[in-house]
Amino acid sequence: RPGGWVTLKHAKLQKHVRMHNPPEKPPWMASIVAEADDEGALFRIERSGSSYYLYSSHTKGYVNCLENGLIRGHGYYPRNNEAAQREPTTELELLMLNASQVRESLIHPS
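Residue numbers here run from 1 along each chain, matching the order of that chain's written sequence. Thresholds applied to this predicted model are a pLDDT of at least 70 for local features of residues and 80 or more for the giving and counting of side-chain atom pairs; totals over whole chains, interfaces and linings are not thresholded and use all residues. Side-chain metrics in this entry use all non-hydrogen atoms of the structure; hydrogen atoms and water are not considered.

A few words now on the layout of surface pockets. Space inside and on the surface of the protein is sampled on a 1 Å grid over the protein atoms alone, with a cavity defined as a set of points where a 1.4 Å probe fits but cannot get out and a pocket as an open set with protein on both sides within 12 Å along at least 5 of 7 lines; lining residues have an atom within 4 Å of a point. Grid points are joined across faces, edges and corners, and a volume is the space filled by probe spheres set on the points. Approximately 1,200 Å³ is the volume attributed to the largest pocket. Counting from the N terminus, the helices are the DSSP runs of H or I reaching at least four residues and the strands are the DSSP runs of E reaching at least two. If you list the elements that add at least two residues to the lining of the largest pocket, you get β2 (16-19), β3 (30-33), β4 (43-48), β5 (51-56) and α1 (99-107). Under the grouping applied here, Gly and all other residues not named as nonpolar or charged are polar, the nonpolar ones being Ala, Val, Leu, Ile, Met, Phe, Trp, Tyr, Cys and Pro and the charged ones Asp, Glu, Lys and Arg. In the lining of the largest pocket, the residues fall into 24 nonpolar, five polar and three charged.

Pasting the structure below:
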């Protein structure tokens, strides 16, 4: 739900998403972990008008989704050593899917 803290799971692997805050390795990157047992796995969905953003509790910044599928949490040069703020690459499209739609997307990925 928009506004509350949530954990995210990789749909196919059924494992949790966790952000890494420097000096953790790899810095500013998302990884898949077995358990959501710390602040690195907490996210908040924020809405501004028709746009959605994913905020990481651990990095104190927004998640970037790049064209090549890379997920990270730092800004662009010269701010690439800082948590990402709201910027074009942090704007997300939020889709609500039911369980059968998720299963179908795993069988026939787009």
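Moving on, there is more to tell.
As a further point, take the packing of aromatic side chains. In this scheme Phe, Tyr and Trp rings, the latter by its six-membered ring, pair at centre separations within 6.5 Å, and the angle between planes marks the pair as stacked below 30 degrees, edge-to-face above 60, and tilted otherwise. Scanning the model with the defined rule gives three aromatic pairs in all. With a centroid separation of 6.3 Å and 50° between ring planes, the pair formed by Trp-5 and Tyr-55 is classed as tilted. In this pair, Trp-5 is assigned in strand β1 (residues 5-6) and Tyr-55 in strand β5, connecting sequence segments 50 residues apart. Taken together, Trp-5, Tyr-53, Tyr-55 and Tyr-62 form an aromatic cluster joined through their ring pairs.

Turning our eyes to something else, we now look at the environment of His-16. As for its position among the elements, His-16 is in strand β2. Only protein chains enter the area calculation, which uses a 1.4 Å probe; residues under 20% of their type maximum are buried, those over 50% are exposed, and those in between are partly exposed. Classification of His-16 by relative accessible area gives buried; the value is 13%. The contact criterion used throughout is that any non-hydrogen atoms of two residues lie within 4.5 Å. Setting aside residues up to four positions removed in sequence, His-16 forms contacts with Thr-7, Leu-8, Lys-9, Ser-31, Ile-32, Val-33, Ala-34, Glu-35 and Ala-36.

If you trace the backbone, Thr-90 turns up in the loop between β8 (71-72) and α1. Its relative accessible area of 0% is what places Thr-90 among the buried residues. Pairs of N or O atoms are called polar contacts if they sit within 3.5 Å, as long as, within protein, a hydrogen donor faces a hydrogen acceptor (for residues adjacent in sequence, only side-chain-to-side-chain pairs). Here the side chain of Thr-90 touches Glu-87 through a polar contact of 2.8 Å, landing on its backbone oxygen. Sequence-distant contacts of Thr-90, that is, excluding residues within four places in its chain, are made with Tyr-52, Tyr-53, Tyr-62, Val-63, Asn-64, Ala-84 and Gln-85.

Quick look at the pattern of salt bridges now. Take a side-chain nitrogen of Lys or Arg and a carboxyl oxygen of Asp or Glu: if they are within 4 Å of each other, that pair is a salt bridge. Counted by the stated rule, this structure contains five salt bridges. The closest approach of N and O atoms between Glu-39 and Lys-60, which form a salt bridge, is 3.2 Å. Note that Glu-39 is positioned in the loop between β3 and β4 and Lys-60 in the loop between β5 and β6 (61-62), a separation of 21 residues in sequence. For Lys-60, a relative accessible area of 47% gives the class partly exposed. Its salt-bridge partner being Glu-46, residue Arg-86 comes within 2.6 Å of it at the nearest N-O pair. Taken together, the positions of Arg-86 in the loop between β8 and α1 and Glu-46 in strand β4 put the pair 40 residues apart, joining distant regions of the chain. Beyond isolated ion pairs, a larger network of salt bridges with shared partners links Arg-18, Glu-24 and Asp-38.

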